[in-house]
Amino acid sequence: MGFADQRFNVNLSILFTELPLLERPAAAATAGFTAVELWWPWIDSPTPERSELDALKKAIEDAGVQLTGLNFYAGRLPGPDRGALSVPGEESERFRANVDVAASFAASLGCTALNALYGNRVEGVDPAEQDALALENLTLAARAADRIGAILLIEALNQPESPLYPLVSAPAAVGVVDKVNEATGLGNAKFLMDLYHLSMNGEDLPSVIERYAARTGHVQIADNPGRGAPGTGTLPLEQLLDQLRKAGYDGWVGLEYKPGDRPSAEAFDWLPAEARAAR
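Now for a quick tour of the structure. Predicted, not measured: the structure shown is a model, and the values here were computed from it.

What counts, and where the lines are drawn
Residues numbered from 1 in each chain as written. Predicted model: local features only at pLDDT ≥ 70, side-chain atom pairs only at ≥ 80, totals over all residues. Heavy atoms only, no water. Buried < 20%, exposed > 50% of the residue type's maximum accessible area, 1.4 Å probe, protein only. Helix = DSSP H or I, 4+ residues; strand = E, 2+ residues; numbered from the N terminus. Pairing = 2+ DSSP bridges. Right-handed = clockwise from strand over helix to strand, strands pointing away. 1 Å grid on protein atoms, 1.4 Å probe; cavity = no way out; pocket = protein on both sides within 12 Å on 5 of 7 lines; lining within 4 Å. Points joined across faces, edges and corners; volume = space filled by probe spheres on them. Nonpolar A, V, L, I, M, F, W, Y, C, P; charged D, E, K, R; others polar.

## Here we look at the pairing of strand S1 (residues 7-11)
- Of all 5 residues in S1, 4 are buried; the element is thus mostly enclosed.
- Note: S1 against strand S8 (residues 252-255), 4 bridges, orientation parallel. Of the residues in S8, the one forming a bridge with Arg7 is Trp252.
- Sheet topology places S1 next to strand S2 (residues 35-38); 2 bridges connect them, and they run parallel. Across the sheet, Asn11 pairs through a bridge with Glu37, a residue of S2.
- This β-α-β element, S1 to helix H1 (residues 24-30) to S2, shows right-handed connectivity.

## So, empty space enclosed by the protein
- Per the stated rule, a full pass over the model turns up 2 cavities of 30 Å³ or more.
- In this structure, the largest cavity occupies an estimated 70 Å³ of space.
- Looking at the largest cavity, it is lined by 14 residues, and the ones nearest its centre are Glu37, Gly69, Leu70, Asn71 and Gln220.
- Elements with a minimum of two residues in the lining of the largest cavity: S2, strand S3 (66-71), strand S4 (113-115) and strand S7 (216-221).
- In terms of residue class, the lining of the largest cavity is built from 7 nonpolar, 6 polar and 1 charged.
- What the second largest cavity holds in volume is close to 30 Å³.
- Lining of the second largest cavity is provided by Trp39, Trp40, Ile43, Tyr73, Ala74, Gly75 and Leu77.
- Residue composition of the lining of the second largest cavity, grouped by class: 6 nonpolar, 1 polar and no charged.

Right, dumping it as structure tokens:
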């Protein structure tokens, strides 16, 4: 087993960012990859102009890559925000306005995984109020995902880098997954297991995999420390991915790491060229 036995996609919101958005799908294809994922690309707009959506769709299609994951609108990301759906007022409304837009865009490209970042705690707002709003909005998102045959992903981030984000452990995120599935009866909410974030939280990664592999809809990786490519830190990522595969996970593994002080195209030397195309 090993890296060559995984199905990798490239996150174009953290890799190839030295290029304009519309050039990134082709750059990923040139590097040998056949699948990509994205954070919501329009951080200032949950409802961009149709021409912008069409241009990105064309760039992905022309590059011959598959869009396998897409975030719903999440505020300023990268930046100070960590989602919008639990933030009362304008941000929650922006998330709701985005739900059908994101789902429609995903459906147009055959993308079947939509990630909904929970959002930061807001000073002066009762956490219970935020959690109730979050469940309401996640229910809307799960139903929209179901309409296009997609899953809804719920992600744990890490406390050191996201101190206001409430889902900073695998059990916390899976607990929300359970609440959403109970509320909708659809069963399409899944855990997004980001091994970098979980390691930053000090979690026992083999134990997390053992407990939650069956509940996991997507995996993302970066090494730690540094959030760089595999091999730049100390995480045994090859072993962890092998464990996931043996536990029954056969989904995508998103490359969501920083390229460091080099062009993104040079940040894949850890992965043989013949192992980059999805099988």
